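Here's the letter readout for the chains.
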Amino acid sequence: MSRFLSKRFAAIEPYVPGEQPKERQYIKLNTNESPFPPSPQVVAAINEQELNKLHVYPDPQASLLTEAIAAFYGVEKKQIFVGNGSDEILAFSFMAFCDEEKRACFPDITYGFYPVYADLLSIEALQIPLKEDLSIDVADYLNCGHNIFIANPNAPTGIGLPLEQIEAILKTNPDQLVFIDEAYADFGGQSCLPLLSRYDNLLLCATFSKSRSLAGARIGFALASPQIIEDLNKIKFSFNPYNLNRLSILAGAAAMADENYFQDCRRQIMGNRQKTIAGLQALGFTMTDSCANFIFVKHEKLSGQDYYLRLKQKGILVRHFQKPRISDYVRITIGSDREMAELLRQTAAIFDEGGLR
Ligand SMILES: *Cc1c(COP(=O)(O)O)cnc(C)c1O
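Residues numbered from 1 in each chain as written. Predicted model: local features only at pLDDT ≥ 70, side-chain atom pairs only at ≥ 80, totals over all residues. Heavy atoms only, no water.

Participant: Could you clarify how one ought to interpret the environment of Cys 265 in this entry?
Facilitator: If you trace the backbone, Cys 265 turns up in helix α9 (residues 259–282). On the basis of relative accessible area, Cys 265 is assigned to the buried category, the value being 5%. Sequence spacing of Cys 265 and Arg 212 is 53 residues, and the spatial spacing of their C-alpha atoms is 8.1 Å. (Helix = DSSP H or I, 4+ residues; strand = E, 2+ residues; numbered from the N terminus. Buried < 20%, exposed > 50% of the residue type's maximum accessible area, 1.4 Å probe, protein only.)

Next up, the structure:
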């Protein structure tokens, strides 16, 4: 730390992204990226002609992209906000809607960025413990009195909440913002999109990073009432009006337009999830009930830390959280057929070597 850093940031603990190692070719099952490249239409959209336009600023409204999103979801353009990853939308939402009066409320075990933004912006966070089985108890959020941030499906558990429960939260918190983070909703969860026209306190946040194979392009989007979108724009135009670069606008619009590719990718991930679950269960693993592109698994005879380290030695990266209540688990991203076959093969090898069968 330099002696210049403001005191208010001295104690901040930044978010720690999953490893992105360069020293060795790993099978990367640790950051929930898509194993598939972007749609071929994305690749075609980033052509020489477009590259030659990089000397001028991008469209600050990112109209091409918001139009593609509006067409896909059947909503109006004024109900859409796009951000530099959904992380930016999260940050803008904490800035726009939370203060001393309306704090931020979210589960104790969830996406690691929520407490970091709360800290960074000096917003008091109420962290509500998950139930023993790591699911969310919706009763905790009824008439909550604070803004609510829920990842649905939750991370890193993968457990989804049914639509009626989200609706109960919206209904009993009419004067609070309810931020539903649907980063993983395309893999079998229930989206709250059908509630959008009925609840003006709903902000649905989603991303191109997981189901649309564009983590490297940094594109997230929010669907909400035009008034909430206006508020997000107020923050954006006071912070970074050109938050999406030219190439990402093109890439996102092309990805959104290629519905066949999107459907094919998510179907493959859901199929591979089933196969991986079956393979790990045969070895004695248990797991939470995931409707995301990852699974959260543990084994009586092998600690989460050991399993993570042994897989790493064998060239496979998964995510282990050194955190109370979940340190027995590892989170495994669902990759391609070949990657998941290798995970199962190497896991079986770990059990054989350790005499654990
Ligand atoms: C990956 C993830 C995000 C961040 O997505 P980006 O669009 O890449 O910033 C947000 N929320 C959850 C729960 C995630 O897992």
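Here the narrative resumes.
Participant: Got a minute to help me understand the state of the cysteines in this structure?
Facilitator: A covalent bond between the sulfur atoms of two cysteines is referred to as a disulfide. Per the counting criterion, the structure on display carries zero disulfides. With no disulfide of its own, Cys 98 has Cys 105 as its nearest cysteine by sulfur position, at a separation of 10 Å. Cys 205 carries a free sulfur, and the closest cysteine sulfur to it, the one in Cys 192, is 10 Å from it. (Disulfide = S-S within 2.5 Å.)

Participant: Help me out: how do you make sense of the sheet that holds strand β12 (residues 330–333) in this one?
Facilitator: Within a sheet, each strand pairs with its neighbour through backbone hydrogen bonds, oriented either parallel or antiparallel. Read across the open sheet, the three strands follow the order β9-β10-β12; overall the sheet is antiparallel. Looking at the sheet topology across the chains shown, the edges are occupied by β9 (286–287) and β12. The pairing of strand β10 (residues 294–298) with β12 spans four bridges and is classified as antiparallel. Opposite Val 297, over in β12, you have Val 330 as the bridge partner. Most of the contacts of α9 go to β10, to which it runs at about 10°, and overall it touches β9, β10 and β12. (Pairing = 2+ DSSP bridges. Contact = heavy atoms within 4.5 Å. Axes fitted to C-alpha atoms, helices over the stretch in contact; angles between N-to-C directions.)

Participant: Got a minute to help me understand the nonpolar core in this structure?
Facilitator: Nonpolar side chains in soluble globular proteins tend to end up buried together. By size, the foremost hydrophobic cluster in this structure holds 54 residues, and its most contacted members are Leu 65, Ile 69, Phe 208, Phe 221 and Leu 223. In this structure, Leu 29, Met 287, Ile 316 and Ile 350 belong to the second largest nonpolar core, which totals 33 residues. (Core = buried A, V, L, I, M, F, W, Y, C linked by side-chain atoms within 4.5 Å.)

Read these as layout, nothing more, since geometry by itself doesn't imply function.
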